[in-house]
Amino acid sequence: MSRLVEHPEASGGLPAALGIELLEADGEVARGRIEVSERTLQPYGIVHGGAYAALAETVASVATHMHVAPDGKLAIGQSNFTTFLRPITEGHIEARASARHSGSTTWVWDVDMSDDDGRTCAISRVVVAVREPRA
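Owing to the predicted nature of the structure, the values given are computational and were not obtained by experimental measurement.

Novice: Tell me about the overall build of the protein chain, residues and numbers included.
Specialist: The number of helices and strands found in the protein chain is two helices and six strands. Listing the helices and strands of the protein chain from first to last along the sequence gives α-β-β-α-β-β-β-β. Its C-alpha atoms give the protein chain principal-axis dimensions of roughly 45 × 30 × 25 Å. The buried share among the 135 residues of the protein chain stands at 40%. Considering only residue pairs separated by 6 or more positions, the protein chain has 59% of its internal contacts joining residues 24 or more positions apart. Approximately 7400 Å² of the protein chain is accessible, and the part contributed by carbon and sulfur atoms is 50%. Positive and negative side-chain charges of the protein chain, numbering 12 and 18 respectively, have mean locations separated by a distance of 5 Å.

Novice: Explain the sheet that holds strand β4 (residues 92-102) to me, using residue names and the numbers behind them.
Specialist: Ordered in space as β1-β2-β4-β5-β6-β3, the six strands form an open sheet in which the pairing is antiparallel. What marks the edges here is a single partner per strand, and that holds for β1 (21-26) and β3 (74-84). Taken pair by pair, the neighbouring strands of this sheet meet at an average axis angle of 20 degrees, ignoring direction. Bridge count between strand β2 (residues 29-35) and β4: seven bridges; the pairing is antiparallel. When the bridges of β4 are listed, E35 appears paired with H92. Lying on the sheet, helix α2 (residues 49-68) is in contact with β1, β2, β3, β4, β5 (106-114) and β6 (120-131); it crosses β3 at an angle near 145 degrees.

Novice: So what's going on with the pattern of salt bridges? Residues and values would help.
Specialist: Tallying each qualifying case throughout the model produces eight salt bridges. One salt bridge in this structure joins R119 and D117, with 3.7 Å as the shortest N-O distance. The structure contains a network of salt bridges with shared partners spanning E24, R31 and E94.

Calculation rules
- Residues numbered from 1 in each chain as written.
- Predicted model: local features only at pLDDT ≥ 70, side-chain atom pairs only at ≥ 80, totals over all residues.
- Heavy atoms only, no water.
- Helix = DSSP H or I, 4+ residues; strand = E, 2+ residues; numbered from the N terminus.
- Buried < 20%, exposed > 50% of the residue type's maximum accessible area, 1.4 Å probe, protein only.
- Contact = heavy atoms within 4.5 Å.
- Areas by Shrake-Rupley, 256 points an atom, 1.4 Å probe, with all protein chains shown as cover.
- Lys, Arg positive; Asp, Glu negative; His and termini not counted.
- Charge placed at Lys NZ, Arg CZ, Asp CG, Glu CD.
- Pairing = 2+ DSSP bridges.
- Axes fitted to C-alpha atoms, helices over the stretch in contact; angles between N-to-C directions.
- Salt bridge = Lys/Arg side-chain N within 4 Å of Asp/Glu carboxyl O.

Have a look at this one:
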């Protein structure tokens, strides 16, 4: 059974507007999902590419934040390259992010997104910058 992860990164702004749920964010793996609804669809009735990109970046950013926040650092999306493979018209999109690199200034994540049947629908490479907070 998945548990929702409470985290400020997903409690407001775009993640909240899209209804992104964080399911897991510990270790080198993170998972999240989004329900397909009017707010995630483009005019043709399929999920908008921005919904995939937002889900991927949110999951990767939150997972990075959980590692760097204890040192007083911030995790900020730096780049997001998302490729769409299969359209989704209903159900959920689930994202599974795996850390490829965890450095002192950048983290790199590969994110696979699938539909309710487990079919890969999109993939992303997300780079998250690790920075000191500005005074």
